[in-house]
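# What the coordinates show
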Amino acid sequence: MCIGVPAKVITITEEQALVDVLGSQMYVGILFVPEVKVGDYVLLHAGQAMTVVDETYANESIKEWREIIRESDGPVL
């Protein structure tokens with residue numbers, strides 16, 4: 001099973017993008033999503049953006065991830 005984490009694209013440079021993932025920023029590959037634009041949301045897996053998703057889906061998923069983290073006594077995001 002693969003789990004995708006939603007992230008918002010902040011900047012794009014060639015074949016990578018700076019994204020915000022639950023409040024943390026990181027660079028990810030965008031080879032699989034050449035259509036991605038700044039402001040889009042993508043699903044990440046293993047350091048790669050796998051697909052572009054709509055903002056509503058991304059926000060719902062982020063809410064669920066935060067709930068999972070709270071329930072596991074992890075850091076509050």
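Below you will find a few notes about this structure. (Residues numbered from 1 in each chain as written. Predicted model: local features only at pLDDT ≥ 70, side-chain atom pairs only at ≥ 80, totals over all residues. Heavy atoms only, no water.)

In this section: the overall build of the protein. A count of helices and strands for the protein gives one helix and five strands. Against the globule reference of 11 Å for 77 residues, the protein gives a C-alpha radius of gyration of 12 Å, in line with a compact fold. C-alpha atoms of the protein, sized along the principal axes, occupy 40 × 25 × 20 Å. Within the protein, the fraction of its 77 residues that count as buried is 32%. As displayed, the protein offers around 5100 Å² of accessible surface, 55% of which is attributable to carbon and sulfur atoms. With 5 positive and 12 negative side-chain charges, the protein shows a separation of 7 Å between the mean positions of the two kinds. (Helix = DSSP H or I, 4+ residues; strand = E, 2+ residues; numbered from the N terminus. Rg over C-alpha atoms; globule rule 2.2 N^0.38 Å. Buried < 20%, exposed > 50% of the residue type's maximum accessible area, 1.4 Å probe, protein only. Areas by Shrake-Rupley, 256 points an atom, 1.4 Å probe, with all protein chains shown as cover. Lys, Arg positive; Asp, Glu negative; His and termini not counted. Charge placed at Lys NZ, Arg CZ, Asp CG, Glu CD.)

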